[in-house]
Number of protein chains: 2
Amino acid sequence: MTVSEKLNLTHNNSPGVPRLGLPSYNWWGEALHGVASAPGVNFSDSGDWSYATSYPQAITMAASFDDDLYYAIGNAISTEARAYNNANRSGLDYWTPDINPFRDPRWGRGQETPGEDTYVVKRYIDNLVTGLQGGRNPEPYKIIATCKHFAAYDLEGWQGNNRYGFNAIVTTQELSEFYMQPFQQCARDTKVGSIMCSYNAVNGVPACANSYNIDSILRGHWNWTADENYITSDCTAIQNMFTDHHAFDTRQQTVAAALNSGVDVDCGFYNPTYLPSALAMGLIQESALDRALLRLYSGLIKAGYFDPPDTPWRSLTWENVSTPEAEGLALKVAEEGIVLLKNDGTLPLAPPEDRNMTLLLAGGWINATTQLQGNYAGPARTLISPWMALQNVSNIELIVVQWYESPMIRAIDTQADAILWIDATNEAAAEGEDRNTIQWDNLQIDAVEMLATLGRPLIVAHMGEQVDDSAFFSNPNVSSVVWAGYPGMLGGEALINVITGKVAPAARMPVTQYPVDYIHQVAMTDMNLRPNPQTGNPGRTYKWFDNATVEFGYGLHYTNFTTAINSPSNSSFDINALVSACDFATYSHIDQCPFRPSGASSSSVTINVTNTGTTGSDFVGLAFISGEYGPTPRPLKSLVAYQRLFGIEPGSSQTANLNITLGSLSRYDENGNQILYPGSYSLLVDVPTQTTWDFELTGSEYMMDEWPQPQ
Amino acid sequence: MTVSEKLNLTHNNSPGVPRLGLPSYNWWGEALHGVASAPGVNFSDSGDWSYATSYPQAITMAASFDDDLYYAIGNAISTEARAYNNANRSGLDYWTPDINPFRDPRWGRGQETPGEDTYVVKRYIDNLVTGLQGGRNPEPYKIIATCKHFAAYDLEGWQGNNRYGFNAIVTTQELSEFYMQPFQQCARDTKVGSIMCSYNAVNGVPACANSYNIDSILRGHWNWTADENYITSDCTAIQNMFTDHHAFDTRQQTVAAALNSGVDVDCGFYNPTYLPSALAMGLIQESALDRALLRLYSGLIKAGYFDPPDTPWRSLTWENVSTPEAEGLALKVAEEGIVLLKNDGTLPLAPPEDRNMTLLLAGGWINATTQLQGNYAGPARTLISPWMALQNVSNIELIVVQWYESPMIRAIDTQADAILWIDATNEAAAEGEDRNTIQWDNLQIDAVEMLATLGRPLIVAHMGEQVDDSAFFSNPNVSSVVWAGYPGMLGGEALINVITGKVAPAARMPVTQYPVDYIHQVAMTDMNLRPNPQTGNPGRTYKWFDNATVEFGYGLHYTNFTTAINSPSNSSFDINALVSACDFATYSHIDQCPFRPSGASSSSVTINVTNTGTTGSDFVGLAFISGEYGPTPRPLKSLVAYQRLFGIEPGSSQTANLNITLGSLSRYDENGNQILYPGSYSLLVDVPTQTTWDFELTGSEYMMDEWPQPQ
């Protein structure tokens, strides 16, 4: 391969080397919640290969708190991705998942993530990426996943601050404890094949030339150094280092900095345009080029790109795309991801045999189809809106109110038995643009208030982004509120299945629902999570903000549950003993070691969950830790374990295993070191807390992870 | 008609009165630059009635400075609108034109207007509306035009300020001099059939219940009181008075206030929902309902709505829609509206017989189609992008660069003879949302700068909204810049016709192009036009802001012109004599009377325009007044007349008649009174000024129009 041929391969839209039979390859595939539209994915206009299963958006997936489901989604997506690749319609690498924690409710791409909590984000990564890649370190990869955006990327466009040039100022403590945790999971533990560096700078250095992030942390501290571990830039991110960050004097210095920092492929055209002259100027060595290409093509080799047709995954075809099983999974994910926020008993509606009702259907999303998908979607075989779904429900007559008709007149005239209002904020969240409000339009509030005066049961289905539902919670004539986010191709069916009681809701909020004025208290550009009276920052996420409209982890059921902790035999633990008990043959890192309060041979903590009501239902057991330990300020609480239990029948109990690790008991000091601290701890079960178990850690602090310091 | 039947007719989607044979009618038609998509316009999906001629957006029309063209467009649109009505596919009233002056470059709907200058706006109204309505007070109306949005509406959504609840604080002086001038033209002079009241409040009172605006000014001072003169609300604007302005305690008081203020029809559902109970409560009288319905149906009667098939306009059919003539007009408007901003001689390209060139085509709008239309568009028979148009040009080979390819590599490799970059700002202007920047993206600037290093002629076609072109003007390797706005269905063809020299550009800027940092100096919510050192407001529009990147009225040609004023015989004029000379048999209002400096029997001022170059071209004669007269601060200058001259051949001259009126010489005092002041005046011809004529007015001030004062 000549130098010139190598230089041609340095961007996403690679021409290959025809002379050597190396085919062209577009590294840009997308598959966030199903194989999606992207330059490297070729859907046909109709017929075969014109669609793929379109699962709910990540934020709705996350609300299920179901690890096995995350894995199943990843596995199902990669099956379809492989089929597309076999038809020469896509590559073998996909730029999913999006794992920046959802820091601020205005973020235009928060919907792409599994929410605000790093523990949930890490569980999501471990399960989803393992499903996508076909294992934790499989041979071959089923597909190559790409964890993005590395790092501290969570601002699009806000009051003149633009993602292309934004400089995220992050403390070392919160960099380690929050912003980097998802990437540690990807790189160190789940062994993701690829990482994408982001547009923004972190503490003054653009992410795609940030040697502290890339060398010291990612490749150094986490040892993400397999032959096939490559980094791609976000699209135009290398160019943005010149145009927006003004980090380098020349374009040649810019591309050289990215390559020398270990960014292996440019989504853009700066590399092939300016690396030739950078090489001529001596700004890069040919060996750096070789290193990048070796990583990239090692990735493709490990994904079986050059393997013959009889090798794994090569037999998948169009018959394996959007199968009834895959679409059934899409429905199940949506059903598991719908959160019940308020209910006076109106929901579920009476069963078919007892109802003969007229339902008034109103609101802007009653016939939503593509809106149900959210962004980074692909074409779906079908898209089922709530209205379409209701037409298949027996014993419900519909009155449908379209915009600019008067729902009130129609409702009065027709004596509807109940009202279902389905809508989302009119200010769409979008890539490139953050939201300016987190409230319903006054016209929407007015519509609901008008409907609420009619004296009929009124159900609000809150779709899409979080907006403050206070007005609905405080209005006694709003009977029920559900939040369904972006429930995907069969999202309307899932919503109606929950409302009619075909499925009982058990999801929990993967984010905080903030009050309207929250966004006036803290700038989007303020990356700090901890409250700061001097700047007015009231704190971010449930760990640091205590005035939520709806708390992270909240969610109601159609029945009642009681929870009881099976109290461990001990309640005081010596830190040295905990550390000594860790089996390093099983766990590579001490933070992964289980906390076993009843002894080394026992399981971790378990809770008994009993359905005391009359409806069978799933239940998500959630456990938080709160306490007096480690540096101040201390978080209000932190999620440390969850398990979704399935189909608990009335009067029955099930046991949830809470797999608490030593890492979950740790805190991070100002230098980002992860430390086990002596102090008093409480385990809090459920939201709001139903039951607690207090214990203490004694002895000396133990340094679990010494964080590399910035220079 | 029963009261209940009357109440049903109070909103845009009127059910009619079937019992009496009164058909349903949707008042909501749109036709801003061609019959457009709207609830009251029914296009079919394909075949006949599936499209209409789609003219350039208003801002591009305005750049032509061609009064006859505005009339021709209005006349052509109303012909197609009538054809649609004859097919029972639309009503006879249309909510066009949008005439709020373009106050701030961020405004999301500025493109819908003819720009920032009230004189241009008034000429546009007088010609376009007369074309739409079929005359100044015709019988029947061809269609009913609706001047919107009354008044001081020019903010969508900006930093939490929302059009639905925005309170525009406007001085009486600028209300009279600027914000109300277009509506005076519509109501008092052009006799428009209908007016739309706006979302915002003006000085604390919502526009749709603002009796000062509606009663004192519109119906009182301007005597807009014909039987058929009705007011419609903007859509949901009545509801917004309750939900966003919180102007009334109850919904019944809200609808009563609108009806009693003289708003005759609600675009929304508040009227039919709450007027019944408002009537029962005694908040409205049935006579107020009658008054509204009489106005509305008088309008339809005057439009011949109930007339038999043999009456005027009833014979128009699908054969009269999107005819070659109409589409030819759409092309001509676009050609007349393209402004040449920079040219080193690269443009026009060599004539076909002399060229055999390769053109590199780059930028995000090279294949723009629907984007060429701008908002409030309808479906068009065809949409011709620049790329499509270039394929029909002889002796030009194309190299087309798509996104994420490297234009530089391609250009170097292929040795293109010239480069054409076609793009618009990525931050689209939109209804409901104002822009946050008035600059090109750094990536766009970078693309042009890269292309500029190649040493080939580089032409920039700046499309869409104004953004600061300084970087292109200051770069000596950017050869030429044109601004084409939104040039409509054949916009790509028009652009290429200008670039290849098939048509010579002669348009002028209808707005100021502001420098990038302008928007950081003044809030969108600051309605003041005059500079204010205390708030930092640097002044708005060319009348008050003197640091433009491109001045209002600027525009280059492919040839050179000289201009000479035919100096009037006098240069000093007694105000009383000017007033006495006015022929009130001809002119209803003194501000309309011509200023005849060479005597009562002469024409107004004329200028000779000579083409001293080698290319035939149109030329827009522009005349401004500047001077020391009237209250301080004084505007830098004010446009008082223009005339577009056609096809001035090299070496030839033509004469432009500048129809200056006494109104054009007036100023407005702090109370909004229009006054003729003694003082020194200068007539300035062209931009930048080429020639001037100084004169003075002597004697006493003369009150031309005493403005009604707010209570």
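Residues numbered from 1 in each chain as written. Chains lettered and ligands numbered in written order. Predicted model: local features only at pLDDT ≥ 70, side-chain atom pairs only at ≥ 80, totals over all residues. Heavy atoms only, no water.

### Considering the state of the cysteines
Residue and element names in this part refer to chain A. With the rule as written, the count across this model stands at eight disulfides over all chains. A disulfide bridge connects Cys147 with Cys186, and the sulfur atoms are separated by 2.0 Å. With the S-S bond torsion at -85 degrees, the cross-link from Cys147 to Cys186 turns out left-handed. With Cys147 in strand β4 (residues 144-150) and Cys186 in helix α6 (residues 181-189), this residue pair connects regions lying 39 residues apart in the sequence. (Disulfide = S-S within 2.5 Å. Helix = DSSP H or I, 4+ residues; strand = E, 2+ residues; numbered from the N terminus.)

### Section: the UniProt feature "domain: Fibronectin type III-like" (unreviewed entry) in chain A
In the numbering used here, UniProt assigns the feature "domain: Fibronectin type III-like" (unreviewed entry) to residues 619-689 of chain A. Measuring from the first to the last C-alpha atom of residues 619-689 of chain A gives 15 Å, for a span that is 6% helix and 56% strand. (UniProt positions renumbered as here; feature names shortened; annotations may be inferred.)

### Details of the sheet that holds β4 of chain A
Adjacent strands of a sheet form backbone hydrogen bonds with each other and so pair up, either parallel or antiparallel. All names here are of chain A. Read from one edge of the open sheet, four strands run β3-β4-β8-β11, paired in parallel fashion. Of all strands in the sheet, those with a lone pairing partner are β3 (93-94) and β11 (230-233), marking the two edges. Alignment of β4 against strand β8 (residues 194-197), held across three bridges, turns out to be parallel. Bridge pairing in β8 links Cys147 to Ile195. Lying on the sheet, α6 is in contact with β4 and β8; it crosses β4 at an angle near 155 degrees. (Pairing = 2+ DSSP bridges. Contact = heavy atoms within 4.5 Å. Axes fitted to C-alpha atoms, helices over the stretch in contact; angles between N-to-C directions.)

### Notes on the environment of Ala641 of chain A
All names here are of chain A. Among the secondary structure elements, Ala641 is positioned in strand β22 (residues 638-648). With 110 residues separating them in the primary sequence, Ala641 and Pro531 have C-alpha atoms 25 Å apart. If we ignore the near neighbours within four places in the chain, the residues touching Ala641 are Tyr119, Gly621, Leu622, Ala623, Leu658, Asn659 and Ile660.

### Comments concerning the sheet that holds strand β10 (residues 205-206) of chain B
Residues and elements named next belong to chain B. One open sheet accounts for three strands, arranged β7-β9-β10; its pairing is mixed. Of all strands in the sheet, those bounded by a partner on one side alone are β7 (167-168) and β10. Here strand β9 (residues 201-202) pairs with β10 via two bridges, running antiparallel. Opposite Val202, over in β10, you have Val205 as the bridge partner.

### Re unusual backbone geometry
In this chain, Leu347 of chain B is followed by Pro348 of chain B through a cis amide linkage whose omega measures -5 degrees. With respect to the helices and strands, Pro348 of chain B occurs in the loop between β12 (339-343) and β13 (357-362). Of note, the bond from Val687 of chain B into Pro688 of chain B is cis; its omega dihedral lies within 30 degrees of zero at -10 degrees. With respect to the helices and strands, Pro688 of chain B occurs in the loop between β26 (679-685) and β27 (691-698). The phi angle at Tyr376 of chain A is positive, at roughly 55 degrees, despite the residue not being glycine. Along the polypeptide, Tyr376 of chain A turns up in the loop between β13 (357-362) and α13 (386-390).

### Section: the nonpolar core
Ranked by size, the top nonpolar core spans 238 residues in total, and within it Ile195, Leu420, Trp421, Leu639, Leu683 and Phe695 of chain A carry the most contacts. The residues touching Ile195 of chain A, leaving out its near neighbours within four places in the chain, are Thr146, Cys147, Phe150, Phe183, Cys186, Leu218, Trp224, Tyr230, Ile231 and Thr232 of chain A. In this structure, Ala58, Leu132, Val393 and Tyr677 of chain B belong to the second largest nonpolar core, which totals 237 residues. (Core = buried A, V, L, I, M, F, W, Y, C linked by side-chain atoms within 4.5 Å. Buried < 20%, exposed > 50% of the residue type's maximum accessible area, 1.4 Å probe, protein only.)

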